[in-house]
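Here's the letter readout for the chains.
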Amino acid sequence: MLYRKHLAQAFTYKSGRPPEDLLKAKGIKKVYPLASNENYLGPSPKALEAINKAKNEIHIYPDTLCSELREKIAKLYHVNVDNTLIGAGSSELISMLYTAFLEPDERVLKPNPSFMLYKVLASFMNLQCEDFQLNPDFSYNIDTIIEKNTPETKIIIVVSPNNPTGTIITQQQMDKLISSLRKDQILVVDEAYIEFNDAENSYDDLIKKAVDDNYEKNIIVLRTFSKVYALAGLRLGYLFAKKQIVEGFLKVLKPFTVTSLAEKAGVASLDDTLFVNKSIQLVKDGRKKFYSEFDRLNLDYTKGYGNFIFIKTLDINKVSEAFLEKGVVVRPCAQFGYEQAVRITYGDAEANDQVVKVIKENLDLFKRK
Ligand SMILES: Cc1ncc(COP(=O)(O)O)c(C=O)c1O
């Protein structure tokens, strides 16, 4: 074995996409891709226009710092340019976070169940990553985080709305968590799905706290263009933090990872409020539809604030198969530690109807309350 020893036991990331040839073999013509929390509307017209315009410049290396996009985000959120940074997806920023801030004897503390990349990247890098458990209804329990927060804990991750459950941290919980932090720690708030969060008690002063260079606590707010802005395939993410933290990221910045097309598309997407609002409305319509149908069927599902829904089943293999037969690609949650649960991204009315139809035809495979 030539590769590094710890990689023999490393977790690997599994995407939610089934092989194209499997779909072809089943003779499935219409596919409803609801496995990866992408934007069902497709790309924003303004982003497409920007890419089209920028394509004649792709022989030129991109601007590593993405100055145009960085400045635009800074202006939009009323922060200094030094308090924000662009990456090739928030995934790249998470990777940079570990490289820049975590010593081998320090630990990451992350929710369970949650986005697997936090664990996977720690595993690749041979770094220590520990879980704290969400409540049985998948709400956060701040006391559990505080209990698990040891002197070795350097980075605490919270994901709100959480993937795959959609559950959030309330303002009160966030305040409690922040006040429990030590000054030598970093709290990362992953807000990949924040635009879909219409909960009244969402926290609005978080970015302000994160970018306050004199604030004694360290907070990183992580965002992405992959969800509401529909640029998952281009890879674009950003963060907010104090200048000293951004400087840490700059130490490990690789040149040219964000492409010029991604940057231009990002800039254009921020202007396409019509598209953003349509994307949010699509998700809200989906929620309304699923909640009323699922309540009528008495399904055991979780009410959440992301662009997806988490449902408990009695036989995940049969459920996945039943969906696939009707062209609906969903995400089984075994990798998240929930062998029998499924996560389904909201689609348009047709896709959502198809989901409900499959569930109704296979009701005995779904757990009831
Ligand atoms: C909670 C969470 N954070 C981050 C990401 C990664 O996003 P990106 O596409 O920006 O790397 C995802 C992707 O699904 C996610 O669910």
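None of the values given here were measured: they were computed from a predicted structure.

Cut-offs and rules
Residues numbered from 1 in each chain as written. Predicted model: local features only at pLDDT ≥ 70, side-chain atom pairs only at ≥ 80, totals over all residues. Helix = DSSP H or I, 4+ residues; strand = E, 2+ residues; numbered from the N terminus. Rg over C-alpha atoms; globule rule 2.2 N^0.38 Å. Contact = placed C-beta atoms within 7 Å. Near = placed C-beta within 6 Å. Nonpolar A, V, L, I, M, F, W, Y, C, P; charged D, E, K, R; others polar. Buried ≥ 20, exposed ≤ 12 C-beta atoms within 10 Å, placed from the backbone. Pairing = 2+ DSSP bridges. Right-handed = clockwise from strand over helix to strand, strands pointing away. Core = buried A, V, L, I, M, F, W, Y, C linked by C-beta atoms within 7 Å. Expected span 1.5 Å × (residues − 1). Arc of directions from axis to C-beta. Domains from an automatic or database assignment. Axes fitted to C-alpha atoms, helices over the stretch in contact; angles between N-to-C directions. Parallel < 35°, antiparallel > 145°, perpendicular 65-115°, else oblique. Left-handed = near helix turned anticlockwise from the far one by under 90°.

## Side note on the overall build of the chain
Regarding its fold elements, the chain presents 13 helices and 13 strands. The C-alpha radius of gyration of the chain comes to 21 Å, within 12% of the 21 Å expected for a compact globule of 369 residues. Projected onto its principal axes, the C-alpha coordinates of the chain cover approximately 55 × 55 × 55 Å. For the chain, long-range pairs separated by at least 24 residues make up 77% of all intrachain contacts whose partners lie at least 6 apart in sequence.

## So, the site of the ligand
As a structural note, the neighbourhood of the ligand is formed by 13 residues, with Gly89, Ser90, Ser91, Thr224 and Ser226 the closest of them. If you tally residues by element for the shell around the ligand, the top one is helix α4 (residues 89–101), at 3 residues. Of the residues that constitute the shell around the ligand, the class distribution is 4 nonpolar, 8 polar and 1 charged.

## Overview of the pairing of strand β5 (residues 153–159)
Among the 7 residues that make up β5, 7 are buried, leaving the element largely enclosed by the rest of the structure. When β5 meets strand β6 (residues 186–190), the two strands line up parallel, connected through 5 bridges. Note that in β6 the partner of Val158 across the bridge is Val189. The β-α-β motif built from β5, the intervening helix α7 (residues 171–180) and the parallel element β6 has right-handed crossover chirality.

## Notes on the nonpolar core
With 100 residues, the main nonpolar core has Ile220 and Val221 as its most contacted residues. Counting residues per element, this core draws most heavily on α4, at 6 residues.

## Side note on helix α13 (residues 349–361)
Look at α13: 18 Å from first C-alpha to last across 13 residues, which is about the 18 Å you get at 1.5 Å a residue. Along α13, the residues classified as buried are Ala351, Asn352, Val355, Val358 and Ile359. With its buried residues spanning 120° around the axis, α13 presents them on a single face. Seen from the open side of α13, the exposed residues pointing more than 90 degrees away from its buried face are Ala349, Glu350, Lys357, Lys360 and Glu361. Buried positions along α13 lie against β1 (32–33), α11 (273–297), α12 (316–325), β11 (328–329) and β13 (341–345).

## Points about the sheet that holds strand β10 (residues 308–312)
In spatial order, the strands read β9-β10-β13-β12; together these 4 strands make up an open sheet with antiparallel pairing. Each having just a single partner strand, β9 (301–302) and β12 (331–332) make up the two edges of the open sheet. The pairing of β9 with β10 spans 2 bridges and is classified as antiparallel. When the sheet's bridge partners are listed, Tyr301 is paired in β10 with Ile311.

## Things to note about the domain arrangement of the chain
If you check the domain split of the chain, you get domain 1 (5–43 + 274–365) and domain 2 (45–271). A C-alpha centroid distance of 25 Å is found between domain 1 and domain 2. Taken together, the contact between domain 1 and domain 2 spans 30 residues of the former and 31 residues of the latter. Contributions of two or more residues to the side of domain 1 that touches domain 2 are made by α11 and β10. Residue contributions to the side of domain 1 that touches domain 2 peak at 5 residues, all from α11. Split by residue class, the side of domain 1 that touches domain 2 holds 16 nonpolar, 12 polar and 2 charged.

## A word on the pairing of strand β4 (residues 128–133)
Relative to β4, strand β3 (residues 107–112) is paired through 6 bridges, and the arrangement is parallel. From the neighbouring strand, Lys110 faces β4, where its bridge partner is Asp131.

## Some points on the packing of helix α3 (residues 67–76) against helix α10 (residues 260–271)
Close contact between α3 and α10 brings their axes to 9 Å; oriented N to C, the two are set at 25°. By the angle between their directions, the pair α3 and α10 is classed as roughly parallel. Along this stretch, α3 crosses α10, giving a crossing that reads as left-handed. Contacts between α3 and α10 involve Glu68, Leu69, Lys72 and Leu76 on the former and, on the latter, Glu263, Gly266, Val267 and Leu270. Tallied by class, the residues present in the contact of α3 with α10 amount to 4 nonpolar, 1 polar and 3 charged.

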